[in-house]
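The lines below spell out each chain.
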Amino acid sequence: MVSNDYSDALPALLGDGRMSRIHLFDCIDSTNRIAKDMLSDGAPDGTVIIADSQTNGRGRLSRSFLSPADSGIYLSYIIRPDSMTDSISSVTAWTAVAAANAVESVCGLRPGIKWVNDLVMNNKKICGILCELCLAADKSIGIIIGIGINVTAKDEDFPPELRRIASSISAQTGRSVSRTELAAQLIKELDIMRGHWPDNGRKYLELYRRDCITLGKDVIVTSGENQKKAFALAVNDDFSLSVRFEDMTTQDISFGEVSVRGMYGYS
Ligand code: BTN
């Protein structure tokens, strides 16, 4: 039984048509984990899973995502692509733009994008994205887009080791933000994105490049145990990041960790 601000307000914001494919939970381990189960059970394209809190919110690179109740948006969106295309790698970047659109619509301020998938305000992470490619039981492919947004938490609500990295929209803007309104807008933006993906991405690339705060910065590229200093030159058409190392060689990076010097405590 779900009883929280989502169940009260989302139907009015989204209408019955959309609500029929939205699954609300109070507390679960991970919306991405539930999405995988639903995918295997045949959930259709556009299925949305939202939780008030998660006990095992998962992040990139095997990290966890802090997901306390009444405070953030923890949402997964299922895409069932027609075919396995190269564009699958672009979903994370498109989602960053869609989420930034939603935050701007509801909060009046647009976050920056730290390559590849963090939304940031004043150099603090307010949103993370974890996209996972899954094989359903019938061998069809699904993409699970997991989005976590810190909406109303106070800075002191974050554990000390996270305070230099993460914050919330309310803490960074000083504005009161409705979690339900933002979740509704996010779902609308994801539906719009799904309508364009994978072929019609010019606008997403344009906005991504405009908002990517990694560009033109000194960065540290981590690959396994190795860390190398570099300079972020450009976002390529496939959303890979072109960097120049100190020995003047260049590389296009598609996966992994690129830390921006001066952000998240990296010096
Ligand atoms: C990251 O910053 O590394 C990605 C964080 C993604 C967190 C979201 S919350 C909803 C969805 N369910 C999960 O378990 N993770 C994603």
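Residues numbered from 1 in each chain as written. Predicted model: local features only at pLDDT ≥ 70, side-chain atom pairs only at ≥ 80, totals over all residues. Heavy atoms only, no water.

**Let's talk about the overall build of the protein**
So, step 1. In terms of helices and strands, the protein carries seven helices and twelve strands.
So, step 2. Against the 2.2 N^0.38 benchmark of 18 Å for 267 residues, the protein shows a C-alpha radius of gyration of 18 Å, consistent with a compact globule.
So, step 3. Viewed in the frame of its principal axes, the protein has a C-alpha envelope of about 60 × 45 × 30 Å.
So, step 4. Across the protein, the fraction of contacts at a sequence separation of at least 24, relative to all contacts at a separation of at least 6, is 63%.
So, step 5. Counting only carbon and sulfur atoms, one obtains 48% of the accessible surface of the protein, whose full area is about 12,200 Å².
So, step 6. Positive and negative side-chain charges in the protein, numbering 29 and 34 respectively, have mean positions lying 5 Å apart. (Helix = DSSP H or I, 4+ residues; strand = E, 2+ residues; numbered from the N terminus. Rg over C-alpha atoms; globule rule 2.2 N^0.38 Å. Contact = heavy atoms within 4.5 Å. Areas by Shrake-Rupley, 256 points an atom, 1.4 Å probe, with all protein chains shown as cover. Lys, Arg positive; Asp, Glu negative; His and termini not counted. Charge placed at Lys NZ, Arg CZ, Asp CG, Glu CD.)

**Side note on the sheet that holds strand 8 (residues 218-223)**
So, step 1. The strand order 11-10-9-8-12 describes an open sheet built from five strands, whose pairing is antiparallel. Edge positions in the sheet fall to strand 11 (250-253) and strand 12 (257-260), since each has one partner strand and no second. Looking at each pair of strands side by side, their axes are set apart by 40° on average, direction ignored.
So, step 2. Where strand 8 meets strand 12, four bridges bridge the pair, whose relative direction is antiparallel. Looking at strand 12, one finds that Val221 is bridged to Val258. (Pairing = 2+ DSSP bridges. Axes fitted to C-alpha atoms, helices over the stretch in contact; angles between N-to-C directions.)

**Considerations on the domain arrangement of the protein**
So, step 1. For the protein, the assigned domains are domain 1 (5-211) and domain 2 (218-260).
So, step 2. The partner domain 2 presents 13 residues to the twelve residues of domain 1 that form the contact.
So, step 3. Surface buried jointly by domain 1 and domain 2 totals about 1,100 Å² across both partners, of which 62% is contributed by carbon and sulfur atoms.
So, step 4. For the domain 1 face of the interface with domain 2, the top three residues by lost area are Trp115, Leu205 and Arg209, together amounting to 52%.
So, step 5. Where domain 1 packs against domain 2, one counts two salt bridges.
So, step 6. Note that Glu257 and Arg63 form a salt bridge whose closest N and O atoms lie 3.3 Å from each other.
So, step 7. For the pair domain 1 and domain 2, the number of links is six residue pairs in polar contact (both at pLDDT 80 or more).
So, step 8. Within the residue set of the side of domain 1 that touches domain 2, elements represented by two or more residues are helix 3 (91-107) and helix 7 (202-211).
So, step 9. No other element matches the four residues that helix 7 contributes to the side of domain 1 that touches domain 2.
So, step 10. The residue inventory of the side of domain 1 that touches domain 2, partitioned by class, reads seven nonpolar, one polar and four charged. (Domains from an automatic or database assignment. Buried area = accessible area lost by both parts, 1.4 Å probe. Salt bridge = Lys/Arg side-chain N within 4 Å of Asp/Glu carboxyl O. Polar contact = N/O pair within 3.5 Å; in protein donor to acceptor, adjacent residues only side chain to side chain. Nonpolar A, V, L, I, M, F, W, Y, C, P; charged D, E, K, R; others polar.)

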